[in-house]
Amino acid sequence: MTRKILFFFPENPFSNRAGNTTRAKTTLTVLKNMGYDIDLVGAAEIYKGQSDTTEIDKNIVDNLFLINHKPPKIKTSSDYWKHKISKFHKKPNEYNHLLTDFAKNEFANIFNKEKYDAIIVNYEFWAGLIDHESMKDTLKIIDTHDWITLNEFYKNKSLDIGKRFNEEINNLSKFDKVITISEDEHLVFKRFLGEKVINIPPSFTPHFEKNNSDKKYDLIFVGSENIFNIQSMQWFFDRVYPLLPKNIHMIIIGRICKHFKEREGVKLVEFAENLEEYYHQSKIAICPMLEGTGIKIKVIEALSYGLPVIGTERAIDGFPSKTSNGCLVTDNPEFFRDQIMSLLQDESSYQEIKIQAEAYFKNNFSEEKAIEKWKNILH
């Protein structure tokens, strides 16, 4: 009999919007390739706020359900009045205002209509979805994506770190298995939660190319409009771009384009249905990240195309190896420029880093390795 998974991810994983949605989609693909039937659950308010459609890939997901954080405004409805009254005697969730009792009940109702062998929840701040008594004997897995306390500290330096990290560990402890995608975060969480913590780095299908000639772009950057991407590319344009020759051609893809203007040698593409053609047209990927937590999906995606990556030290956060990984890193703008020019002007150096990129990807981020780890969790 085919086994069934209930998979919660708050936004549409098929939106091709950012690294987190790409990661969720690849995880769903891995689980489907393992033979599971999958029902997907999202947060209605987030779908609405992101203008996401409810279209799903039926080859990967069987059904999509959306949960609401509050009932519709029908004053004769008992749900409406229960929610209204609860707001007077119960504080809202400090870190996730959408995680209400009403949302938890909607999730529980979905769970109770079917027989699921496992529940997978994405993000620690949605952990309360599994609090329902009916789920106690079902395998519960959380995919952390990020070290949330550190991520929130970067955004809010006055954060009470001790309080937030205590809540994060308590939430993760509710689950039978805790998935990290970064080796750094794996080491942190394992100290507190033991062997239930398993590191499963993001996985992609390789798209290596033998022919490196006739590339349209020297540099490529792919990113959403989150604050860390914006800060990083602002640094690049302020500190590195002025040092580059005028004949350098660069393409930036993603919603981050809303925050920058086209300038000499720079092409902006706010949305691309498929990134493959752009990666194949590019020589080098850049990732000048200054802050942010977790492994950088954009770096692994670039490596899956055999592209050398030039970045700051944050670009290789979460990598098991900091050297011989297809990435050249520096926080110095002049050295950043020098590394770009070295790879563009010296074919032997370019090929050396390209070979490293392909080997490191195959050894660490292949779909086969991800399937092997998921099999050990879901057996």
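Remember, predicted model here, so these are calculated numbers, not experimental data.

Undergrad: Describe the domain arrangement of the protein, and please don't skip the residues or the numbers.
TA: What the domain assignment reports for the protein is domain 1 (4-203 + 367-376) and domain 2 (217-365). The gap between the C-alpha centroids of domain 1 and domain 2 is 30 Å. Taken together, the contact pairs 25 residues of domain 1 with 22 residues of domain 2. When the two sides are added together, the surface that domain 1 and domain 2 hide from each other amounts to roughly 1800 Å², 59% of it contributed by carbon and sulfur. The interface formed by domain 1 and domain 2 contains one salt bridge. For the salt bridge of Asp-184 with Lys-322, the shortest nitrogen-to-oxygen distance reads 3.9 Å. Connecting domain 1 to domain 2 are three residue pairs in polar contact (both at pLDDT 80 or more).

Undergrad: Describe the sheet that holds strand β1 (residues 4-8), listing the residues and the values that go with them.
TA: A sheet is described by the order of its strands in space; here seven strands give the open sequence β3-β2-β1-β4-β5-β6-β7, paired in parallel fashion. The open sheet has two free edges, formed respectively by β3 (63-67) and β7 (197-199), since each of these has just one partner strand. Taking each pair of neighbouring strands and ignoring which way they run, the sheet shows an average axis angle of 20 degrees. Across five bridges, the pairing between strand β4 (residues 118-122) and strand β5 (residues 139-143) is parallel. Note on β5: the bridge partner recorded for Asn-122 is Asp-143. Where helix α1 (residues 19-33) meets the sheet, its contacts fall on β1, β2 (37-43), β4, β5 and β6 (177-180), and the angle it forms with β1 comes to roughly 175 degrees. Set on the sheet, helix α4 (residues 101-113) makes contact with β1, β2, β3 and β4; between it and β3 the angle comes to about 155 degrees.

Undergrad: Which residues make up the packing of helix α8 (residues 227-240) against helix α11 (residues 333-345), and what are the values?
TA: Two numbers describe a pair of packed helices, the interaxial angle and the distance between the axes. Two elements in contact, α8 and α11, have axes separated by 9 Å at closest approach and are oriented at 85 degrees. Taken as axis vectors, α8 and α11 run roughly perpendicular relative to one another. On α11, the residues touching Trp-235, Phe-236, Arg-239 and Val-240 of α8 are Pro-333, Phe-336, Arg-337 and Ile-340. Classifying every residue of the contact of α8 with α11 gives six nonpolar, no polar and two charged.

Undergrad: I'd love a proper account of the sheet that holds strand β11 (residues 282-287), names of residues and values included.
TA: Strand order in the open sheet formed by six strands is β10-β9-β8-β11-β12-β13, and the pairing between neighbours is parallel. Where the open sheet ends on each side, the last strands, each with one partner, are β10 (266-269) and β13 (327-329). Each adjacent strand pair in this sheet contributes to an overall mean axis angle of 25 degrees, direction not counted. As paired strands, β11 and strand β12 (residues 309-311) are joined by three bridges and run parallel to one another. Residue Ala-285 lies in a different strand from β12, and its bridge partner there is Val-309.

Undergrad: Describe α4, and please don't skip the residues or the numbers.
TA: With 13 residues, α4 extends 19 Å between its outermost C-alpha atoms, agreeing within 8% with the 18 Å of an ideal straight helix rising 1.5 Å per residue. When α4 is considered as a whole, its buried residues turn out to be Phe-102, Ala-103, Phe-107, Ala-108, Ile-110 and Phe-111.

Undergrad: Can you lay out the side chain of Asn-171 for me, pointing to particular residues and giving the numbers?
TA: Relative to the elements of secondary structure, Asn-171 occurs in helix α6 (residues 161-173). Residue classification places Asn-171 among the buried residues on the basis of a relative accessible area of 11%. One polar contact links Asn-171 to Glu-124, side chain to side chain, over a distance of 2.7 Å.

Undergrad: Lay out the pattern of salt bridges with the relevant residues and their values.
TA: One pass over the structure, following the stated rule, counts 19 salt bridges. Its salt-bridge partner being Arg-3, residue Asp-117 comes within 3.9 Å of it at the nearest N-O pair. Of this pair, Asp-117 sits in the loop between α4 and β4 while Arg-3 sits in the segment before β1, and the two are 114 residues apart along the sequence. Accessibility expressed as a relative area gives 32% for Arg-3, which makes it partly exposed.

So, how was this worked out
- Residues numbered from 1 in each chain as written.
- Predicted model: local features only at pLDDT ≥ 70, side-chain atom pairs only at ≥ 80, totals over all residues.
- Heavy atoms only, no water.
- Domains from an automatic or database assignment.
- Contact = heavy atoms within 4.5 Å.
- Buried area = accessible area lost by both parts, 1.4 Å probe.
- Salt bridge = Lys/Arg side-chain N within 4 Å of Asp/Glu carboxyl O.
- Polar contact = N/O pair within 3.5 Å; in protein donor to acceptor, adjacent residues only side chain to side chain.
- Pairing = 2+ DSSP bridges.
- Helix = DSSP H or I, 4+ residues; strand = E, 2+ residues; numbered from the N terminus.
- Axes fitted to C-alpha atoms, helices over the stretch in contact; angles between N-to-C directions.
- Parallel < 35°, antiparallel > 145°, perpendicular 65-115°, else oblique.
- Nonpolar A, V, L, I, M, F, W, Y, C, P; charged D, E, K, R; others polar.
- Expected span 1.5 Å × (residues − 1).
- Buried < 20%, exposed > 50% of the residue type's maximum accessible area, 1.4 Å probe, protein only.

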